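# Coordinate inspection notes
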Amino acid sequence: MKAVMSDKTLLADAVAELIEALHQKYPGIKTKPTPPVEDEDFTIEIEVPPQFSLEEVELESHKECIKLEDKYNIYMLPLVKRKAT
């Protein structure tokens, strides 16, 4: 039971770090969890407002996820899309 709690804590820490890092770089983005895709531990949808480059946010999101994968051994997939107007 302790291992499961530890895994959930690691996942929560990794997700919190991802969201904080993205909001620091791109104020105004919106994030929400989505059902996991394939073998990922966590999938997050990131809505990007028009003032930011969709490609830049996507690239930075993937970089941040890779960094956190190395730190926590948690696999996260960012799904980046343009915020509806």
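Relevant structure appears above.
Parameters at a glance
Residues numbered from 1 in each chain as written. Predicted model: local features only at pLDDT ≥ 70, side-chain atom pairs only at ≥ 80, totals over all residues. Heavy atoms only, no water. Patch = residues over 30% accessible without salt bridge, like charges linked within 9 Å, V, L, I, M, F, W, Y side chains within 5 Å. Areas by Shrake-Rupley, 256 points an atom, 1.4 Å probe, with all protein chains shown as cover. Salt bridge = Lys/Arg side-chain N within 4 Å of Asp/Glu carboxyl O. Lys, Arg positive; Asp, Glu negative; His and termini not counted. Charge placed at Lys NZ, Arg CZ, Asp CG, Glu CD. Helix = DSSP H or I, 4+ residues; strand = E, 2+ residues; numbered from the N terminus. Core = buried A, V, L, I, M, F, W, Y, C linked by side-chain atoms within 4.5 Å. Buried < 20%, exposed > 50% of the residue type's maximum accessible area, 1.4 Å probe, protein only. Contact = heavy atoms within 4.5 Å.

The next thing to look at is a negative patch on the surface. A cluster of like negative charges, contributed by Asp 7, Glu 38, Asp 39 and Asp 41, occupies part of the molecular surface. The topology assignment puts Asp 41 in the loop between strand E1 (30-34) and strand E2 (42-48).

Within the largest apolar cluster, 18 residues are counted, with the highest numbers of intra-cluster contacts made by Leu 18, Ile 46, Val 48, Val 57 and Met 76. Discounting residues that sit within four places of it in the chain, Leu 18 has contacts with Ile 44, Ser 61, Glu 64, Cys 65, Leu 68 and Met 76.

Counted under the stated rule, the structure contains 7 salt bridges. One salt bridge in this structure joins Glu 17 and Lys 71, with 3.0 Å as the shortest N-O distance. You can see Glu 17 sitting in helix H1 (residues 2-25) and its partner Lys 71 sitting in helix H2 (residues 54-72), a full 54 residues away along the chain. Of the residues examined, Lys 71 reaches a relative accessible area of 54% and is grouped as exposed. Of the charged contacts, one joins Lys 81 and Glu 47 as a salt bridge, the two residues approaching to 3.7 Å between their closest N and O atoms. Separated by 34 residues along the polypeptide, Lys 81 in strand E3 (residues 76-82) and Glu 47 in strand E2 bring together distant segments of the chain.

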